[in-house]
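Below, each chain spelled out in residue letters.
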Amino acid sequence: YLTDSSLEPLYKEGALPALEELDLSYGTLCQTAIDDLLACCTHLTHLSLNGCVNMHDLDWGSTSVQLFDYLGVYSCSENAQEPAETSNRLLQNLNCVGCPNIRKVLIPPAACFYHLSTLNLSLSVNLKEVDLACSNLVLLNLSNCCSLEVLKLDCPRLASLFLQVYFCPITGICLYCICLGFS
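- The protein carries the name F-box/LRR-repeat protein 15-like in an unreviewed UniProt entry, which gives Camelina sativa as its organism.

Structure, rendered in structure tokens:
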């Protein structure tokens, strides 16, 4: 029941400069409020956004500034956000389980998520496309993403891929096309 400005005390004036784990699951915060918090929490290694209805596409390859463009890439200042070294992206574990408005996940090599090892998008029922190039991704969970149509992976260390799809009452079993491109 947090309002969009409720999180401001957590990141204003560098209140939590070393925050590593954050769980905002099942909240109704708007994407801008989450953006603002993450812009200043550059040391995050574990992030949970499970069941967040206001989460939208995770497009880290886009030229526009979106939610995860901030994770470890921008430093927080009073007047502007200035790019930091891309090697500072520390995110290792991202959970977006059951986020109904995520339709696309794009993480190209240029996004430099060198530490991302676990990505859980299960139960994101409207997820249609996943395109990942993550050199250290070990576990990817796409279970019960019953709208998934396209899966492109360039993840040489991927050891666990979960694609279980049980009957989906809206579309039946609709895992139509999977393109796997391991390097």
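## Quick look at the pairing of strand β7 (residues 104-107)
Right, so step 1: By the bridge criterion, two bridges tie strand β3 (residues 58-59) to β7 in an arrangement that is parallel. Along β7, the bridge assignment pairs L58 with V105.
Right, so step 2: Note: β7 against strand β9 (residues 129-132), four bridges, orientation parallel. Counterpart to I107 in the pairing with β9 is L132.

## Brief notes about the environment of E129
Right, so step 1: Locating E129 in the fold gives a position in strand β9.
Right, so step 2: Accessibility expressed as a relative area gives 26% for E129, which makes it partly exposed.
Right, so step 3: Among all residues touching E129, those that are not within four sequence positions of it are R103, K104, V105, L148 and V150.

## Regarding the pattern of salt bridges
Right, so step 1: Under the definition given, this model contains one salt bridge.
Right, so step 2: Of the charged contacts in the structure, one is a salt bridge between E149 and K128, with a shortest N-O distance of 3.7 Å. With E149 in the loop between β10 (139-141) and β11 (150-153) and K128 in the loop between β8 (118-120) and β9, the pair connects residues that are 21 residues apart, well separated along the chain.
Right, so step 3: The exposure class of K128 is partly exposed, given its relative accessible area of 38%.

## Concerning the sheet that holds β3
Right, so step 1: Spatially, the four strands line up as an open sheet ordered β3-β7-β9-β11, and their pairing is parallel. Either end of the sheet is taken by a strand with one partner, and the two such strands are β3 and β11.

Thresholds applied
- Residues numbered from 1 in each chain as written.
- Predicted model: local features only at pLDDT ≥ 70, side-chain atom pairs only at ≥ 80, totals over all residues.
- Heavy atoms only, no water.
- Pairing = 2+ DSSP bridges.
- Helix = DSSP H or I, 4+ residues; strand = E, 2+ residues; numbered from the N terminus.
- Buried < 20%, exposed > 50% of the residue type's maximum accessible area, 1.4 Å probe, protein only.
- Contact = heavy atoms within 4.5 Å.
- Salt bridge = Lys/Arg side-chain N within 4 Å of Asp/Glu carboxyl O.

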